[in-house]
Each structure stands twice: as C-alpha cells, then as structure tokens.
Amino acid sequence: MNSFYDVWEGVCDYCRNSIHEVAYNTWIKSLEPVDFQNNTAIIRSLSDYQKLIVESHYSDLLKKGFEEIFGFPVELTIIVGESVPKHRQNDGDDVTAKYTFDNFVVGSSNKFAHAASLAVADNPGHAYNPLVIYGNPGLGKTHLLNAIRNEIHRKFPEKSIVYTQGESFMNEILEAINNVGTVDFREKYRKADVLFIDDIQFIAGKEATQIEFFNTFEALYRENKQIIVTSDRLPKDIKSLDERIQGRLEMGLMADIQQPDFETRVLIIRGKAKALNFDIPDVVVQYIANQLKNNIRQLEGVVNKLYAYHNFGEEPTLAGAGNLINEVKKDDMPEPVTVERIISCVGSAYDVTPADICSNKQNAEIAYARHIAIYIAREVTGISLKTIGKSFGRNHSTVSASIKKIESDLKKNSRLRATVDDIIKNITGK
Ligand code: ADP
Ligand code: MG
C-alpha cells in the first residue's frame, strides 16, 4: 500500500462490506481520494447533493474505514468537483471486469450454477431461458452474473446487454411513471438481447414494477432473448412475488449456490491473495477457512484487511487473522429490531416515506402502511403498546385499533399475509 489511493481502495472495501451494495454503488463508489494531510482525508464528490448525503449518512462509516486501515482516528473533508479521470477510466465497469469465470473457484457448492452460467454465456437465448441463480448473500451470485455478462460481451460484441439490479429497476420505473417516461424505459429494456437483473427479490410486492417486469419478460422471451436473474431464494419462496412472475421464472433453469465446503473456501482465499500478489501462510489460510463458513464476502474482507496490514509491515499471523475474524463475527450478529427499522422496511415495501408513516397524514396508502408498521412492531419487538404508540406519535387506543384492523384483514387476504410475512422476514432475517 504505497499511496493514498491504495488506502482508499481498502476503505471502499470496508464500506462495501458494511452497507447495501446499492447504497455503496450510489454514494460511495464514485467518490475520489484527493489527499491526506494532518490526519485529514480529503475526498472529492461529484455534486453538492452527493456531498450532503455522504456527510449526513456515511461520514462515520468512512472514518471507521480509515481508522481500520491507519489504526488511528482520521478526520474527513469532502470537496465537490469534477472527477479526475486518472483512476476512474473504467468507472462503473470495474466491478464487472473484476468478476470473471477465470477467477471464480468451482466447487461442489456452485458447480451446477457455474455450468449453467457457462452454457448460457456460450449460447444466449438458446441454452436455458430464463436462468435463475439463487442462494444466500455473499456466495457468488453477482460474481457469476458478471462473468456471464463479460463472456457474452466478449463472444458476441454485437449483442445489446442490459444489466441492472432489482432495486434500480424499480427506481427507474417509479421515475419513468412520475415523469411519464415509460416509453423510453420500455425501449431501453425491450431492445435488450440479454437482460440481467441482480437481486430480483426486490421487486416482490411492488405492483407497478412487477407488471412492468412481467411485460418486459414476455416481450423478450417471445423473441428468444436471454433473461438471467439472481435471487436470494427460490422464486416460489418469495411469497409476495407475483404468481405469474414465479411461474415464468420457473419455466427456466433454477441453479442454486450453496455454502462452499472447506476446500473451496481454501481455494477462494488463495485465489484472492494471489490476485493481490500476497502470500498468506497455509496455516493462516486454513484457519480463516475453518472459522468463516457461510459468506465468501467475509473471507475476502479478511484477506483484504490482512493485505492492508501487510502493506504497513505487519505480516499475516494466526493472531492477526483471529482478531479480524472476531470482528467479522461480531458484525454478523443480527441487527437489533427497532421500531425505526420496521418503519423503514414497511415504508420501502409500500413506497411511503418513514416521515409520512409517523405523520398525521390520513391518505389511504400512508394510513395503511402505518397500520402495518404498528402491527409488525407489536409482532416482532415485544415492546409495550404504549411505547409503540410513542414511536408513531399515537396513543394506546389508536395503536390497538390498527392492530385489530390488520389482524382482521390478514384473515381475509392471503396476499397481504404473504407481504407481511416477507417484510417480517426481511426485518428479522428469519
Ligand atoms: P452474492 O451476489 O451472492 O451476494 P457476490 O457475487 O457478491 O455474492 O460474492 C461475494 C464476494 O465473494 C465477491 O467478491 C466474489 O468475487 C466472491 N466470490 C463468491 N464466490 C466465489 C467463487 N466461487 N470464487 C471466487 N470468488 C467468489
Ligand atoms: Mg449480489
């Protein structure tokens, strides 16, 4: 690690491992390291708006990231300006370029998904269509998706590729609807020869988005255009996913990725270290592989940190790896379920802001989201109705009325039941 730019790469890895990929890609990825003076890191953002968001939401995270690497507290100054092209020529494509079939380690946990991906990359539209790659977070779905994308781009440069994430797809649709831009939107998606959507589970329960996805799917499928999606579970287990969409996805090939076995984990750690030109003693590699079993992103995080320390002259030891592993395990503890988190999850499921949920607005959609949030708060937190009421700015009897209403609706409406179950699953991770 010789320059501030290298340090910055480490900080980015830290952030990427700590926040949602979409948030990372939206706010952090395009930041640029400028200088480091008097214990202050100077970072450039592309706009005043980005600066505002980063300062209000991500400055603690960035500071923590710097502290991890430097070992001492660091101040942060964000300036606004044009990006300097030097390090960022391939911006947006760096993740894509990084994930290839060559650096994907194949083991019994992923060999089926890997083979299916190769087949689709060889013969898009004619091998398996759609291809659905599913599995828990951090097991290589996005990696495989990008490997297919790179391979198709290399073999069939004339093919038009559209690559997006479930959440971005949803945001684009909402934006198109608000600005009456649905025609452009359709044109973009319907002219794809190959459509990739990462994390399709995000569109579940979102009416307008699901309709648009279904129509796009039909249009592309009819013309033998290849569709490839990833999901964190089997489509039929995403309860609030439209049944027609479940049905269409099931027509294709479902390829799961499981947790890697010990040997695969060892090979992955070695592969990551080799890519950095970094030697980790076998005993340390095996120790890490033994300790971290269910998320490859975590394995990679430990390797990157050991590498950062190594660049400061600290060689990778069992003790050093042990400390990093403990940190990862600590971060792995489920986030506590707070009423704030419930409000935010319900808000995103119903396209309503948290502020609206806690407001006095009586518009039907907002009021319904509020009832749901109150019901879920009672179901999953064990907090008294009085305290729940306080969080929503409501009294005890209003809270009881909301709960009764939802209990009665749930008995009559199985789709609502599915939506509520999905939200609870997202909140509790169970
Ligand atoms: P997911 O999309 O399933 O959450 P990712 O594809 O983002 O997971 O993988 C997380 C990290 O683990 C990535 O950096 C990826 O390169 C790495 N990874 C996952 N599986 C493998 C593998 N089989 N070989 C090499 N690296 C892998
Ligand atoms: Mg992913």
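## Structural notes on the sheet that holds strand β1 (residues 32–37)
In step 1: Ordered in space as β1-β2-β3, the three strands form an open sheet in which the pairing is mixed. If you trace the sheet from one side to the other, it starts and ends with β1 and β3 (75–80), each paired once. Between one strand axis and the next, the sheet turns through 25° on average, direction left out of account.
In step 2: Relative to strand β2 (residues 40–45), β1 runs antiparallel, the two sharing five bridges. Across the sheet, residue Phe36 finds its bridge partner in β2, namely Ala41.
In step 3: Contacting β1 and β2, helix α1 (residues 4–18) crosses the sheet at an angle of about 120° to β1.
In step 4: Of the strands in this sheet, β1, β2 and β3 touch helix α3 (residues 48–70), which is tilted by about 145° from β3.

## Considering the nonpolar core
In step 1: If you look at the biggest cluster of nonpolar residues, it comprises 26 residues, and the most contacted ones within it are Val346, Ile357, Ile376, Phe392 and Val420.
In step 2: Of all the secondary structure elements, the ones that give two or more residues to this core are α15 (339–350), α17 (364–381), α18 (385–392), α19 (396–412) and α20 (414–428).
In step 3: Considering each element in turn, this core owes the most residues, eight residues, to α17.
In step 4: With residues up to four places along the chain from it excluded, the contact list for Ile376 reads Ile342, Val346, Thr381, Val420, Ile423, Ile424 and Ile427.

## A closer look at the pattern of salt bridges
In step 1: Overall, the coordinates contain 26 salt bridges when judged by the stated rule.
In step 2: The residue Glu68 makes a salt bridge to Lys305 at a minimum N-O spacing of 3.4 Å. Within this pair, whereas Glu68 is found in helix α3, its partner Lys305 is found in helix α13 (residues 296–311), the two being separated by 237 residues in sequence.
In step 3: You can call Lys305 partly exposed: its relative accessible area is 21%.
In step 4: A salt bridge links Glu327 to Lys305; its shortest N-O distance comes to 3.6 Å. Highlighted residues: Glu327 in helix α14 (residues 318–332) and Lys305 in helix α13, separated in sequence by 22 residues.
In step 5: Through salt bridges that share partners, Asp122, Glu151, Arg154 and Lys155 make up one connected network.

## What to know about the pairing of strand β7 (residues 226–231)
In step 1: Burial runs high along β7: six of the six residues are buried.
In step 2: Where burial is concerned, the two faces of β7 agree: the one with Gln226, Ile228 and Thr230 and the one with Ile227, Val229 and Ser231 are both buried.
In step 3: The sheet contact formed by strand β4 (residues 131–134) and β7 spans four bridges and is parallel. Among the inter-strand pairings, Tyr134 is bridged to a residue of β7, identified as Ser231.
In step 4: Pairing geometry for strand β6 (residues 194–198) and β7, over four bridges, is parallel. Residue pairing across strands places Ile197 opposite Val229, the latter belonging to β7.
In step 5: Handedness of the crossover is the feature at issue here: the chain leaves β6, passes through helix α9 (residues 207–222), returns alongside β7, and the resulting connection is right-handed.

## A closer look at α13
In step 1: The end-to-end C-alpha separation of α13 is 23 Å, in line with the 22 Å expected for 16 residues at 1.5 Å each.
In step 2: The inward-facing, buried residues of α13 contact α1, α11 (262–275), α12 (282–291) and α14.
In step 3: The N-cap of α13, judged by a side-chain oxygen 2.8 Å from the amide nitrogen of Arg297 a few residues on, is Asn295.

Conventions used here
- Residues numbered from 1 in each chain as written.
- Chains lettered and ligands numbered in written order.
- Predicted model: local features only at pLDDT ≥ 70, side-chain atom pairs only at ≥ 80, totals over all residues.
- Heavy atoms only, no water.
- Pairing = 2+ DSSP bridges.
- Helix = DSSP H or I, 4+ residues; strand = E, 2+ residues; numbered from the N terminus.
- Axes fitted to C-alpha atoms, helices over the stretch in contact; angles between N-to-C directions.
- Contact = heavy atoms within 4.5 Å.
- Core = buried A, V, L, I, M, F, W, Y, C linked by side-chain atoms within 4.5 Å.
- Buried < 20%, exposed > 50% of the residue type's maximum accessible area, 1.4 Å probe, protein only.
- Salt bridge = Lys/Arg side-chain N within 4 Å of Asp/Glu carboxyl O.
- Right-handed = clockwise from strand over helix to strand, strands pointing away.
- Expected span 1.5 Å × (residues − 1).
- Polar contact = N/O pair within 3.5 Å; in protein donor to acceptor, adjacent residues only side chain to side chain.

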